[in-house]
Amino acid sequence: MNPKRCAACKYLRRRCPKDCVFSPYFPPDDPQKFACVHRIYGAGNVSKMLQQLPDQTRAEAVESLCFEAKCRVDDPVYGCVGIIHLLKTQIQKTQNELAKTQAEIAVSQTKLSQTQNSDFM
C-alpha cells in the first residue's frame, strides 16, 4: 500500500498514477469527500468532467460537486434545491419582518413628531 495515494485511488483500490486527475482535489486524509462524490456521480463521470475543464476551474468544480453530492446524500429527493428553497423562504420571512419593523418605526416617528408639535402649540 502506497500511503501517497489520493482518496479516490484508495477508494477505487488502484495505484495512483503521477498524472492522476483526482489527486489534487481528493487528499488521502479525507476519504469521505470522494466516497460521497463517487456515490452520486461515479468516478468515471467525475474524471471526464475534470478532464474537460481548464486546470484553473477544476478545484471550484470539485468543491461544487462535493457540495451537491453531500446535499443529495442528505436529501435524496431535493438535494441542494431543498437548501435553496429553505434559504429563499428565510429571506422572504426576514424581508417581511424588516418591512413590518420599518413601518412600526415610521409610525412611532410620526407619533413622536405629532406629540412634539402639539407640545409647542
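Each remark here, short or long, concerns the structure printed above.
No experiment lies behind these values; they were computed from the predicted model shown.

Moving on: the overall build of the protein chain. Within the protein chain one finds 5 helices and 0 strands. The order of α-helices and β-strands along the protein chain, N terminus first, is α-α-α-α-α. Since a compact globule built from 121 residues should have a radius of gyration of about 14 Å, the 26 Å found for the protein chain marks it as more spread out than a globular shape. With respect to the principal axes defined by its C-alpha atoms, the protein chain has extents near 90 × 30 × 25 Å. Across the 121 residues of the protein chain, 23% fall into the buried class. Contacts in the protein chain between residues at least 24 apart in sequence constitute 43% of all its contacts with a sequence separation of at least 6. Taken as a whole, the protein chain presents about 9,300 Å² of accessible surface, with 56% of it coming from carbon and sulfur. Considering the protein chain, the positive charge centre built from 17 side chains and the negative charge centre built from 12 side chains are found 12 Å apart.

As a further point, take the pattern of salt bridges. Where side chains of opposite charge bring their charged atoms close, a pairing between them can arise. Enumeration over the complete set of coordinates arrives at 3 salt bridges. Note that E63 and K33 form a salt bridge whose closest N and O atoms lie 2.9 Å from each other. Pair noted here: E63 is in helix 4 (residues 55-74) and K33 is in helix 2 (residues 31-41), with a separation of 30 residues, a long-range link. Between D74 and K70 there is a salt bridge, and its shortest N-O distance comes to 2.8 Å.

Time to look at unusual backbone geometry. Of note in the backbone geometry, R13 takes a positive phi value of approximately 55° without being a glycine. For R13, the position within the fold is in the loop between helix 1 (7-12) and helix 2.

In this section: the packing of helix 2 against helix 3 (residues 43-52). The N-to-C vectors of helix 2 and helix 3 enclose an angle of 100°; their axes lie 7 Å apart at closest approach. Looking at the two axes, helix 2 sits roughly perpendicular to helix 3. The segment helix 2 lies against helix 3, with F34, V37, H38 and Y41 engaging A43, N45, V46 and M49. Residues belonging to the contact of helix 2 with helix 3 are distributed by class as follows: 6 nonpolar, 2 polar and no charged.

Parameters at a glance
Numbering of residues starts from 1 in each chain and follows the order in which that chain's sequence is written. Residue-level local features of this predicted model are given only where pLDDT is at least 70; pairs of side-chain atoms are given and counted only at 80 or more, and the full residue set underlies all totals for whole chains, interfaces and linings. Just so you know, side-chain values use all the structure's heavy atoms and leave hydrogens and water out. Strands here are runs of E lasting at least two residues and helices are runs of H or I lasting at least four, both read from the DSSP assignment and numbered beginning at the N terminus. For the radius of gyration, the atoms used are the C-alpha atoms, and the globule rule reads 2.2 Å times the number of residues raised to 0.38. Accessible area is worked out with a 1.4 Å probe on protein chains only. A residue is then buried under 20% of its type maximum, exposed over 50%, and partly exposed in between. Contacts between residues were defined by any pair of non-hydrogen atoms, one from each residue, lying within 4.5 Å. Per-residue and other accessible areas were derived by the Shrake-Rupley procedure at a 1.4 Å probe size, with only the shown protein chains allowed to occlude residues. His is not counted, nor are the chain ends; Lys and Arg add positive charge and Asp and Glu add negative charge. Charged groups are reduced to one reference atom each: NZ for lysine, CZ for arginine, CG for aspartic acid, CD for glutamic acid. Should a side-chain nitrogen of Lys or Arg be within 4 Å of a carboxyl oxygen of Asp or Glu, the pair is scored as a salt bridge. Helix axes are fitted only over the stretch in contact, all axes being lines through C-alpha atoms; the angle between N-to-C directions runs from 0 to 180 degrees. These descriptions rest on fixed angle ranges, namely under 35 degrees for roughly parallel, over 145 for roughly antiparallel, 65 to 115 for roughly perpendicular, and the rest for oblique. Each residue is assigned to one of three groups, with Ala, Val, Leu, Ile, Met, Phe, Trp, Tyr, Cys and Pro labelled nonpolar, Asp, Glu, Lys and Arg labelled charged, and all others, Gly among them, labelled polar.

Everything listed here is a matter of coordinates, which is why it stays silent on function.
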